[in-house]
Amino acid sequence: QVQLAESGGGLVQTGGSLRLSCAASGRTFSTYTMGWFRQAPGRERELVGSIAWSDSTVYVGRFTISKDNAKNTVYLEMGSLKPEDTAVYYCALARFPFQPVITTQNVGSWGQGTQVTVSS
C-alpha cells in the first residue's frame, strides 16, 4: 500500500512563493507518473500538473514540478501566487506504472492534502 504525505502548505501573500513536497512510502515511484491536483471550496478537484515517470522536471506556467527518485519525493514549486490559487493541494500516484499521464480517473493513491492560502 502506497502512502503519500504532503507538506509545505501555508499562508502566503499575493506574489509570493511556496514549495510543496510529497513523500511516498511503500513503493518506489520511479516508474509511476505522479500529479498535483487542487480543490478549492465549492469546486471540483483539478489537475495542476503531472510529471511522467521518465521526467525529472516539468514546467506548468508559474509552477514547476520536479522529483527526486532517490528520496521518493515529488515537489511542486509555486511562484507569483494569486488568491485564486487558494485550495487544498493533493499529490497523487498513477494506479499503474509507465502511464503517460495522470488524471482523476487513473489515480491509484492520494495524499491527505495540504492547504495553500494566498492572501490579497
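The text that follows walks through the structure, step by step, so that each part is easy to find. The model shown is predicted, which means the values in this text are computed figures rather than measured ones. Per chain, residue numbering runs from 1 following the sequence as it is written. Given that this is a predicted model, residues contribute local features only at a pLDDT of at least 70 and side-chain atom pairs are listed and counted only at 80 or more, while totals for whole chains, interfaces and linings are drawn from all residues. Heavy atoms from the whole structure form the basis of all side-chain values; hydrogens and water molecules are not counted.

### Comments concerning the overall build of the chain
Working step 1: Counting secondary structure elements, the chain contains 0 helices and 11 strands.
Working step 2: Listing the helices and strands of the chain from first to last along the sequence gives β-β-β-β-β-β-β-β-β-β-β.
Working step 3: Only C-alpha atoms enter the radius of gyration, while the globule expectation follows 2.2 Å times N to the 0.38, with N the number of residues. Over its C-alpha trace the chain gives a radius of gyration of 13 Å, about what one expects of a compact globule, namely 14 Å for 120 residues.
Working step 4: Each principal axis of the C-alpha distribution contributes one length, and for the chain these read about 40 × 25 × 20 Å.
Working step 5: Each residue's exposure class comes from its accessible area (1.4 Å probe, protein chains only) as a fraction of the maximum for that residue type: buried when under 20%, exposed when over 50%, partly exposed otherwise. The 120 residues of the chain split such that 45% are buried.
Working step 6: Two residues qualify as a contact provided that any one of their heavy atoms is within 4.5 Å of a heavy atom in the partner residue. Taking the intrachain contacts of the chain between residues at least 6 apart in sequence as the baseline, contacts between residues at least 24 apart amount to 57%.
Working step 7: Counting every atom, the chain has about 6,100 Å² of accessible surface; 47% of that belongs to carbon and sulfur.
Working step 8: When the 10 positive and 8 negative side-chain charges of the chain are each reduced to one mean point, those points stand 3 Å apart. In DSSP terms, a helix is any run of H or I states spanning at least four residues, a strand is any run of E spanning at least two, and both are numbered starting from the N terminus. Per-residue and other accessible areas were derived by the Shrake-Rupley procedure at a 1.4 Å probe size, with only the shown protein chains allowed to occlude residues. The positive count covers Lys and Arg only, the negative count covers Asp and Glu only, and His and the chain ends enter neither. Every charge is mapped onto a representative atom, which is NZ of Lys, CZ of Arg, CG of Asp or CD of Glu.

### Quick notes on the pattern of salt bridges
Working step 1: Whenever a carboxyl oxygen of Asp or Glu lies within 4 Å of a side-chain nitrogen of Lys or Arg, that contact is scored as a salt bridge. By the definition in use, this model includes 3 salt bridges.
Working step 2: The closest approach of N and O atoms between D85 and R62, which form a salt bridge, is 2.9 Å. One end of the pair, D85, is in the loop between β8 (73-78) and β9 (87-94); the other, R62, is in the loop between β6 (57-60) and β7 (63-68), and 23 residues separate them in sequence.
Working step 3: A relative accessible area of 1% places D85 in the buried class.
Working step 4: If you follow the salt bridges from partner to partner, you end up with R38, E46, R62 and D85 in one network.

### Digging into the environment of T104
Working step 1: Along the chain, T104 falls in the loop between β9 and β10 (107-110).
Working step 2: In sequence terms T104 and E46 are 58 residues apart; their C-alpha atoms lie 8.0 Å from each other.
Working step 3: Here Q105 takes part through its side chain, which lies 3.3 Å from a polar atom of the side chain of T104. Definition of a polar contact: a pair of N or O atoms within 3.5 Å, with one able to donate and the other able to accept a hydrogen when the atoms are protein atoms, and with sequence-neighbouring residues admitted only if both atoms are side-chain atoms.

Remember that the coordinates give geometry; whether it matters functionally is a separate question.
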